Amino acid sequence: MTNKKIRKTGEVLSTSQEKTIVVGISWTQKDRLYKKSYRKLTRLVAHDELNKAEQGDTVIIEFSKPISKTKKWKLIEVVKK
């Protein structure tokens, strides 16, 4: 069994809460009938202990044990300010 952590890269959409950020991860999906691809956005709530991230930053988050009802991700690093 591998012990590999799930990591995702996305853009910070909101930092309005204390020690919490909302990260948007965009991905494309293709329509089955018309074969047109369109963008979708997944919003993930992550824990930011030191309040390092700001709105618009590109960050890496990692799946972790549940911190609250909606927070199941934690901030690893800020890639680009």
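Residues numbered from 1 in each chain as written. Predicted model: local features only at pLDDT ≥ 70, side-chain atom pairs only at ≥ 80, totals over all residues. Heavy atoms only, no water.

Student: Which parts of the structure should I look at to understand the side chain of His47?
Tutor: Checked against the element boundaries, His47 lands in strand β3 (residues 37-47). A residue is classified by how much of its surface remains accessible, and His47, at 17% relative accessible area, is buried. A polar contact of 3.0 Å, which involves the side chain of His47, links it to the side chain of Lys71. With residues up to four places along the chain from it excluded, the contact list for His47 reads Lys19, Ile67, Lys71, Trp73, Lys74 and Leu75. (Helix = DSSP H or I, 4+ residues; strand = E, 2+ residues; numbered from the N terminus. Buried < 20%, exposed > 50% of the residue type's maximum accessible area, 1.4 Å probe, protein only. Polar contact = N/O pair within 3.5 Å; in protein donor to acceptor, adjacent residues only side chain to side chain. Contact = heavy atoms within 4.5 Å.)

Student: Honestly, the packing of aromatic side chains in this entry has me stumped. Any pointers?
Tutor: The way to describe two aromatic rings as a pair is by their centre distance and the angle between their planes. One pass over the full model with this rule turns up 1 aromatic pair. Between the aromatic rings of Phe63 and Trp73, the centroid separation amounts to 5.2 Å while the plane-to-plane angle is 80°, which identifies the pairing as edge-to-face. Note that Phe63 is positioned in strand β4 (residues 58-63) and Trp73 in strand β5 (residues 73-80), a separation of 10 residues in sequence. (Phe/Tyr/Trp six-rings, centres within 6.5 Å; stacked < 30°, edge-to-face > 60°.)

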